[in-house]
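# Observations on the three-dimensional arrangement
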Amino acid sequence: MYLVAMKGHPATGKSTLAHALAHTLHWPLLDKDDIKDHTLGLPDANELAYAILWQIVATQLQLGVSVIVDSPLAYPTMYATAQTLATRYQAQLLVVETVLDESVWRERLEARGPEESTHKIRGWAAMQAHLQYYAGCWRYPIQPEQHLPVDTTLPLAQLVVAVQQRIKIIQ
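Reference entry: report on the structure contained in this document. Predicted model only: the values in this text are computed from it and were never measured. (Residues numbered from 1 in each chain as written. Predicted model: local features only at pLDDT ≥ 70, side-chain atom pairs only at ≥ 80, totals over all residues. Heavy atoms only, no water.)

### Topic: the overall build of the chain
Summing up its helical and strand segments, the chain has seven helices and five strands in all. The order of α-helices and β-strands along the chain, N terminus first, is β-α-β-α-α-β-α-β-α-α-β-α. When the 171 residues of the chain are sorted by exposure, 50% land in the buried category. Excluding contacts between residues fewer than 6 apart, the proportion of contacts in the chain whose partners are at least 24 apart in sequence is 73%. Taken as a whole, the chain presents about 8800 Å² of accessible surface, with 55% of it coming from carbon and sulfur. (Helix = DSSP H or I, 4+ residues; strand = E, 2+ residues; numbered from the N terminus. Buried < 20%, exposed > 50% of the residue type's maximum accessible area, 1.4 Å probe, protein only. Contact = heavy atoms within 4.5 Å. Areas by Shrake-Rupley, 256 points an atom, 1.4 Å probe, with all protein chains shown as cover.)

What follows is the structure, encoded as structure tokens:
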């Protein structure tokens, strides 16, 4: 059983890869943004969205169901939560971190249209402000055996295969 936790900044390809993995592996995809869309107007909406997300992840793992979690995983506490749940339910944890060249990332952020969710970051200036707010917290160590950085400028099918191969290594 696996807990695949996506990690990466907005517009780096996390959700695209997460959807492709869920489709290929036939595993449930739990997206923090799906929850946040409904908690947005509430106090502490982001914290509440994460609390709900991790509770649903725990339920799936308790049932013996492998799961893919789509969130930025920007804070070390989120990684620690994933580690704790994986250990508790005897799941293998794999953090798939989406990375890409800054110029491509910038283009993707600038291309986001108004049809995107209201809380998704659009534009390079907004992303830079968000990174200042993060204050570098996303740069935390991940155990090498639990970490798979992927360059999302590569073909999606190639990325799916890379994750599948890494999962087989973990088994």
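Right, picking up where we left off after that structure.
### Remarks on the pattern of salt bridges
According to the stated counting rule, one finds two salt bridges in the structure shown. A salt bridge links lysine 32 to aspartate 33; its shortest N-O distance comes to 3.7 Å. Note on lysine 32: relative accessible area 6%, which makes it buried. Overall, aspartate 33 belongs to the buried group, its relative accessible area being 17%. (Salt bridge = Lys/Arg side-chain N within 4 Å of Asp/Glu carboxyl O.)

### Quick notes on a nonpolar patch on the surface
A cluster of nonpolar side chains, contributed by Leu42, Leu48, Ile52 and Ile56, occupies part of the molecular surface with about 280 Å² of accessible area. With respect to the helices and strands, leucine 42 occurs in the loop between α2 (32-39) and α3 (45-62). (Patch = residues over 30% accessible without salt bridge, like charges linked within 9 Å, V, L, I, M, F, W, Y side chains within 5 Å.)

### Some details on the packing of aromatic side chains
Summed over all chains, the structure comprises two aromatic pairs. Ring geometry for tyrosine 79 versus tyrosine 140: centroids 5.7 Å apart, planes at 25°, classification stacked. Of the two residues, tyrosine 79 sits in helix α4 (residues 76-88) while tyrosine 140 sits in the loop between α6 (124-134) and β5 (147-151), which places them 61 residues apart along the sequence. Tyrosine 140 carries the same exposure label as tyrosine 79, and that label is buried. (Phe/Tyr/Trp six-rings, centres within 6.5 Å; stacked < 30°, edge-to-face > 60°.)

### Remarks on α3
In this model, α3 (18 residues) spans 26 Å end to end at C-alpha, consistent with the 26 Å of a helix rising 1.5 Å per residue. Against β1 (2-7), β2 (29-31), α2, β3 (67-70) and α4 lie the buried residues of α3. The first or second residue beyond α3 is glycine 64, which carries a positive phi of 85°. (Expected span 1.5 Å × (residues − 1).)

### A few points about a negative patch on the surface
Residues Asp101, Glu102, Glu107 and Asp151 make up a contiguous surface patch of negative charge. You can see aspartate 151 is positioned in strand β5. (Lys, Arg positive; Asp, Glu negative; His and termini not counted. Charge placed at Lys NZ, Arg CZ, Asp CG, Glu CD.)

### Some points on the side chain of serine 66
Looking at where serine 66 falls in the secondary structure, it is placed in the loop between α3 and β3. A distance of 2.8 Å separates the side chain of serine 66 from the backbone nitrogen of tyrosine 2, its partner in a polar contact. Other than its neighbours up to four places away in sequence, serine 66 contacts Met1, Tyr2, Trp27 and Pro28. (Polar contact = N/O pair within 3.5 Å; in protein donor to acceptor, adjacent residues only side chain to side chain.)

### Here's the deal with the nonpolar core
Core analysis: the largest hydrophobic core is formed by 24 residues, its most contacted members being Leu3, Trp54, Val57 and Leu93. Taken together, the elements giving at least two residues each to this core come down to β1, α3, β3, α4 and β4 (92-99). Counting residues per element, this core draws most heavily on α3, which supplies seven residues. Those residues within four positions of leucine 3 in sequence are excluded, and the remaining contacts are Val57, Leu61, Val67, Val69, Ala82, Ala86, Ala91, Gln92, Leu93 and Leu94. Core analysis: the next-biggest nonpolar cluster, separate from the first, contains 19 residues, Tyr2, Val4, Trp27 and Val96 among them. (Core = buried A, V, L, I, M, F, W, Y, C linked by side-chain atoms within 4.5 Å.)

### What about the side chain of threonine 12?
Relative to the assigned elements, threonine 12 resides in the loop between β1 and α1 (14-25). The buried category is assigned to threonine 12, whose relative accessible area is 4%. At 2.7 Å, the side chain of threonine 12 and the backbone oxygen of histidine 9 are in polar contact. A distance of 2.6 Å separates polar atoms of two side chains, one belonging to threonine 12 and the other to threonine 98. Sequence-distant contacts of threonine 12, that is, excluding residues within four places in its chain, are made with Thr98, Leu100, Trp105, Arg108 and Thr152.

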